[in-house]
Amino acid sequence: LDEVLASGENINVLVLDTEGYSNTGGEMSKATELSSVSGFTLDGKPTPRKDLGRMMMQYDYVYVAQVCLGADMEQTIRALREAEAYDGPSLVIAYSHCINHGIKAGMNKGLEEQAKAVKAGYWHLYRYNPALQASGQNPFTLDSKEPTGDLREFLLGEVRYDSLRKIDPTHAEELFAKTAQDAKERYEGYKRLAEQE
């Protein structure tokens, strides 16, 4: 993916981010969130997820957006339209619920679960359009509002997090606290990007 986007070619890429290798049973990947339990990380992933969007923004010529259909359909459509119109490589990363998440409310509530992820500050919505730099505008737009939901409640609504709490409550709470801190730091970092002149 990095090679393709770094090429500078006018291509559009949509990543359906389930935060794991869904095609092989949900094993951990570098995109797996901290504290999540998966096939080979039964004691919770100890490290934060990689930020693919921030990595691609470093090129300064790749359009990047992070979206969540269940949280903000209008922002998703706006990002897809901007990516299509952008004359260069574009990447849209879409938060995607998956059966491996173990959504306690059921897979038929996936879009509602996506909305909770954004409201709790677990997933952030933004758009980075390098074309805006030519007119002196900040290319980064933070579309997420300050989180108002309960991150811990969101985590406990999915088996990939709650199963660790049942096995080792103390360790789970430590990792949940780290997950909350990581989510807060990511949001603060995005805010700083959005506030740059």
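Reading guide: rules and limits
- Residues numbered from 1 in each chain as written.
- Predicted model: local features only at pLDDT ≥ 70, side-chain atom pairs only at ≥ 80, totals over all residues.
- Heavy atoms only, no water.
- Helix = DSSP H or I, 4+ residues; strand = E, 2+ residues; numbered from the N terminus.
- Buried < 20%, exposed > 50% of the residue type's maximum accessible area, 1.4 Å probe, protein only.
- Contact = heavy atoms within 4.5 Å.
- Areas by Shrake-Rupley, 256 points an atom, 1.4 Å probe, with all protein chains shown as cover.
- Pairing = 2+ DSSP bridges.
- Axes fitted to C-alpha atoms, helices over the stretch in contact; angles between N-to-C directions.
- Parallel < 35°, antiparallel > 145°, perpendicular 65-115°, else oblique.
- Nonpolar A, V, L, I, M, F, W, Y, C, P; charged D, E, K, R; others polar.

Turning our eyes to something else, we now look at the overall build of the protein. When helices and strands are counted, the protein shows 7 helices and 5 strands. Counting from the amino terminus, the protein carries its helices and strands in the arrangement α-β-α-β-α-β-α-β-β-α-α-α. Buried residues in the protein amount to 47% of all 197 residues. Within the protein, contacts between residues separated by at least 24 positions form 67% of all contacts whose residues are at least 6 apart in sequence. Only carbon and sulfur atoms are counted for the fraction: they give 54% of the accessible area of the protein, which is about 10,100 Å².

Residues other than glycine seldom take positive phi values, yet Asp60 does so here, at roughly 70°. With respect to the helices and strands, the residue Asp60 is situated in the loop between α2 (52–57) and β2 (63–67). Its relative accessible area of 46% is what places Asp60 among the partly exposed residues.

As a further point, take the sheet that holds β2. Sheet strands pair via backbone hydrogen bonds, and the direction of the pair is either parallel or antiparallel. Overall, mixed pairing links the 5 strands, which are arranged β1-β3-β2-β4-β5 in an open sheet. Looking at the sheet topology across the chains shown, the edges are occupied by β1 (12–17) and β5 (140–142). Direction aside, the axes of adjacent strands within the sheet are offset by 10° on average. Along the sheet, helix α7 (residues 169–195) contacts β2, β4 (126–128) and β5; its crossing angle with β5, the most-contacted strand, is approximately 130°.

One way to put it is that helix α6 (residues 159–167) packs onto α7 with a least axis distance of 5 Å and a crossing angle of 140°. One element, α6, and the other, α7, form an angle in the oblique class. Facing Tyr161, Leu164, Arg165 and Ile167 of α6, the residues of α7 in contact are Pro169, His171, Ala172, Glu173, Leu175 and Phe176. Grouping the constituent residues of the contact of α6 with α7 by class yields 7 nonpolar, 1 polar and 2 charged.

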